[in-house]
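Examination of the molecular architecture
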Amino acid sequence: EMSASLVGSEMCIRDRFDRQEKDKKHSNIIRRIILLISVAVFIFAAYNLINIFLAYHKADVIYNDIEQNVLDEDSHTNVIIGDEEDEVEVPFKYNHQALLNINSDGLGYIYIPSIGCRLPMVQGNDNDYYLTHTFDKQSSANGCLFEDSRINSGLSSNHVIIYGHNMRNGAMFGKLKSYENSSFYNGSGNNVFYIYTGNVIKQYKIFSCYISEAVSDTYTFNFPSLASMQSYAADMKAKSLYDTGVDISSASQVVTLSTCTDNGEKRFIAVSYTHLRAHETSAHL
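We now turn to the structure provided with this report. Remember, predicted model here, so these are calculated numbers, not experimental data. (Residues numbered from 1 in each chain as written. Predicted model: local features only at pLDDT ≥ 70, side-chain atom pairs only at ≥ 80, totals over all residues. Heavy atoms only, no water.)

**Section: the overall build of the protein chain**
- Helix and strand content of the protein chain: five helices and 13 strands.
- Split into buried and exposed, the 285 residues of the protein chain put 42% on the buried side.
- When contacts within the protein chain are restricted to residue pairs at least 6 apart in sequence, those whose partners lie at least 24 apart make up 59%.
- Total accessible area on the protein chain stands at roughly 15500 Å², and carbon and sulfur atoms take up 52% of it. (Helix = DSSP H or I, 4+ residues; strand = E, 2+ residues; numbered from the N terminus. Buried < 20%, exposed > 50% of the residue type's maximum accessible area, 1.4 Å probe, protein only. Contact = heavy atoms within 4.5 Å. Areas by Shrake-Rupley, 256 points an atom, 1.4 Å probe, with all protein chains shown as cover.)

Here you go:
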């Protein structure tokens, strides 16, 4: 009887050992599967990250090449903007024909010194194409800065809306949200930017910065009269996150810069104006 008991005990021990070994093997298999999944996820993430950086680099090269063809950085001149006796240093000479030679949709160049933005602008046949194509029409997530295609008269319209992506690397309008902070806006010279087109430079002063819904009265254009545009400008000033202290009562043209924020759900807006007639606001190159 004792012998049978020992045999039974040994069998129980062997069964327990076998179960433990099976559990170990099962656990090892699970760990290996988890490890393989983790490695696969890491490789996939690394692959995507590399592709993103390569796409950023490709876009940088494209826009650097365009800049080399269109801007002459060896020509620095001082110009008087309008009749306000404001002398501004122009850090480059702009060649409008060279821009049009690359793309006939070209409007001009925007220069926002405060955020280091120097980029060409277009106006296409719709508001989709240049979301995914660069100025020279190459496919790219950076896209291109473009004026709303529904606006009449291009950059001469009484309200110009320019769209640009909020790129994570700061490209395009990626740094526009710096204007969310009033201390940035109040930095020396940060309240103005310039648009180059043809043989003139136009200076614009930012008077309102705010966050908008994707569909809102911000995107109103083709005003039938100066009075209606000025009424619109007053409404946009009232939306500002902070008081810019800018008098826009004599505004003759408004330029709105728009980019995505809050994961694409909303838009960050910077609204600017000029208060003189087009030929008076412009410094001829």
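Here the narrative resumes, following the displayed structure.
**Considerations on the side chain of Gln 123**
- Assignment of secondary structure puts Gln 123 in the loop between strand E6 (117–122) and strand E7 (145–147).
- Polar contacts involving the side chain of Gln 123 include one to the main-chain carbonyl oxygen of Asp 148, which spans 2.8 Å.
- There is a polar contact of 3.0 Å between the side chain of Gln 123 and the backbone oxygen of Ile 151.
- Setting aside its immediate chain neighbours within four residues, Gln 123 contacts Asp 105, Leu 107, Glu 147, Asp 148, Ser 149, Ile 151 and Gly 154. (Polar contact = N/O pair within 3.5 Å; in protein donor to acceptor, adjacent residues only side chain to side chain.)

**A closer look at the pairing of strand E8 (residues 159–163)**
- Burial analysis of E8 places five of its five residues in the buried class, which makes it a mostly covered element.
- A two-sided burial pattern is seen for E8, the buried positions comprising His 159, Ile 161 and Tyr 163 on one face and Val 160 and Ile 162 on the other.
- Relative to E8, E7 is paired through two bridges, and the arrangement is antiparallel. Note on E8: the bridge partner recorded for Phe 146 is Tyr 163.
- As paired strands, E8 and strand E11 (residues 253–261) are joined by five bridges and run parallel to one another. Looking at E11, one finds that His 159 is bridged to Val 254. (Pairing = 2+ DSSP bridges.)

**Remarks on the pattern of salt bridges**
- Counted by the stated rule, this structure contains six salt bridges.
- The partner of Glu 180 in a salt bridge is Lys 177, and the shortest N-O contact between them spans 3.4 Å.
- Using a relative accessible area of 27% as the deciding quantity, one classes Lys 177 as partly exposed.
- One salt-bridge network, in which partners are shared between bridges, spans Glu 67, Glu 73 and Arg 118. (Salt bridge = Lys/Arg side-chain N within 4 Å of Asp/Glu carboxyl O.)

**Notes on the packing of aromatic side chains**
- Per the stated rule, a full pass over the model turns up 14 aromatic pairs.
- Ring geometry for Phe 146 versus Tyr 163: centroids 5.3 Å apart, planes at 40 degrees, classification tilted. Taken together, the positions of Phe 146 in strand E7 and Tyr 163 in strand E8 put the pair 17 residues apart, joining distant regions of the chain.
- Ring geometry for Tyr 179 versus Phe 184: centroids 5.0 Å apart, planes at 85 degrees, classification edge-to-face.
- In this structure Tyr 179 comes out as buried when scored by relative accessible area, which is 0%.
- Taken together, Phe 92, Tyr 94, Tyr 109, Tyr 111, Tyr 194 and Tyr 196 form an aromatic cluster joined through their ring pairs. (Phe/Tyr/Trp six-rings, centres within 6.5 Å; stacked < 30°, edge-to-face > 60°.)

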